[in-house]
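# What the coordinates show
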Amino acid sequence: MQLETYISDLLYRYECVIVPEFGAFLTQRVSAKINADTNTFFPPKKVISFNEQIQNNDGLLAHYIADVEKIPFEIALDKIKNRIGSIKSQLVEKESVSLQNIGKLALNEEGKIIFEPFNHLNYLTDAFGLNQMVSPAISREEYKRELEAIEKVIPLTITPERRKTRPYLRYAAIAVLALGVSGFLGSKYYVNQVENHNQIAQETANTQLEHKIQEATFVIENPLTAVSLTVTKPVGSYHIIAGAFRVEENCDKIIADLKAEGFNARKIGVNKYGLHQVVYNSFENRKEALDALRNIRENNNPHAWMLVKDLE
């Protein structure tokens, strides 16, 4: 029986595969890494180790063999026992035992099993398709030095293109340039004249208006009765925040609901995140604000909080 084949299958799925009366093969996940000296990339993988102290049969290996070979559980246990007996005999005779795709076993001078894992097979299913690769380093400085050396040997020169001279085109270009300059100067002079004229006219109009205001007399035959309006401006630096909303229309509904519950709710502007803030009330006294906040958290909104800020 190829016991190592079944162990290898289980190592893909489990972190511990116990071989009864022999030991346990363990896997541990390690992250991807890069060897800067060799420019080699190593994908994440499972590292296999062997622990001779774990020998209690958990039934995993025997049940798997029984399911694959369609045999009773007891017969699977006997097959495992026979194979382990053969491996132990080889180890006692100072022979190393290679388990395909797993590793090599041997005994040291103290009679303990030494395990050397094979690294050519990655048991981490998440890293399927990722292989070790080497990426050559990019020598930017070397390319720069090569370019500088080339520029010293072969300087960059510009050879003017020779064309057949056409005198009449040169004269035509001079004439167009002259017309353009004269037109530009004339246009600039005209604009300056218009601006000066507008400024003088504006100053004259302002002067006449000031004289009219000073000379004007207003007579009111039936003066209206003065009306006194009292405007209550919200005061207080301590604000109990009910919520902040991206859409301003949502604030109006919240304010209406809070006012129906007896709160002096209102909007206090937009915060630095662009959200419209709604308050239950504002207070001048810090203790009153804290008492109100405690009451609101207990009875209305456990997420309410206090903003300390002077509003314009």
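Calculation rules
Residues numbered from 1 in each chain as written. Predicted model: local features only at pLDDT ≥ 70, side-chain atom pairs only at ≥ 80, totals over all residues. Heavy atoms only, no water. Helix = DSSP H or I, 4+ residues; strand = E, 2+ residues; numbered from the N terminus. Contact = heavy atoms within 4.5 Å. Areas by Shrake-Rupley, 256 points an atom, 1.4 Å probe, with all protein chains shown as cover. pLDDT = per-residue confidence, 0-100. Pairing = 2+ DSSP bridges. Axes fitted to C-alpha atoms, helices over the stretch in contact; angles between N-to-C directions. Buried < 20%, exposed > 50% of the residue type's maximum accessible area, 1.4 Å probe, protein only.

So, on to the overall build of the protein. A count of helical and extended segments in the protein gives 7 helices and 13 strands. Pairs at least 24 apart in sequence give 56% of the contacts found in the protein among residues at least 6 apart. Counting only carbon and sulfur atoms, one obtains 54% of the accessible surface of the protein, whose full area is about 24000 Å².

Taken over all residues, the pLDDT of the protein has a mean of 78, while the share at 70 or more is 64%. The low-confidence segment residues 212-221, where pLDDT is below 50, has 0 contacts with residues more than four positions distant or belonging to other chains.

Within the secondary structure, V134 is located in strand β9 (residues 133-134). Spatially, the C-alpha atoms of V134 and T40 are 4.3 Å apart, while their sequence positions differ by 94 residues.

Spatially, the 3 strands line up as an open sheet ordered β6-β7-β8, and their pairing is antiparallel. Of all strands in the sheet, those bounded by a partner on one side alone are β6 (97-99) and β8 (113-117). Sheet twist, expressed as the average angle between the axes of neighbouring strands with direction ignored, equals 20°. As paired elements, strand β7 (residues 103-107) and β8 share 5 bridges and run antiparallel to each other. Each residue of the ladder has a partner; that of L105, found in β8, is F115.

Topologically, H276 is positioned in strand β12 (residues 276-283). Under the relative-accessibility criterion, H276 is labelled buried at 15%. Discounting residues that sit within four places of it in the chain, H276 has contacts with G243, A244, F245, R246, V247, E248, C251, G269 and V270.

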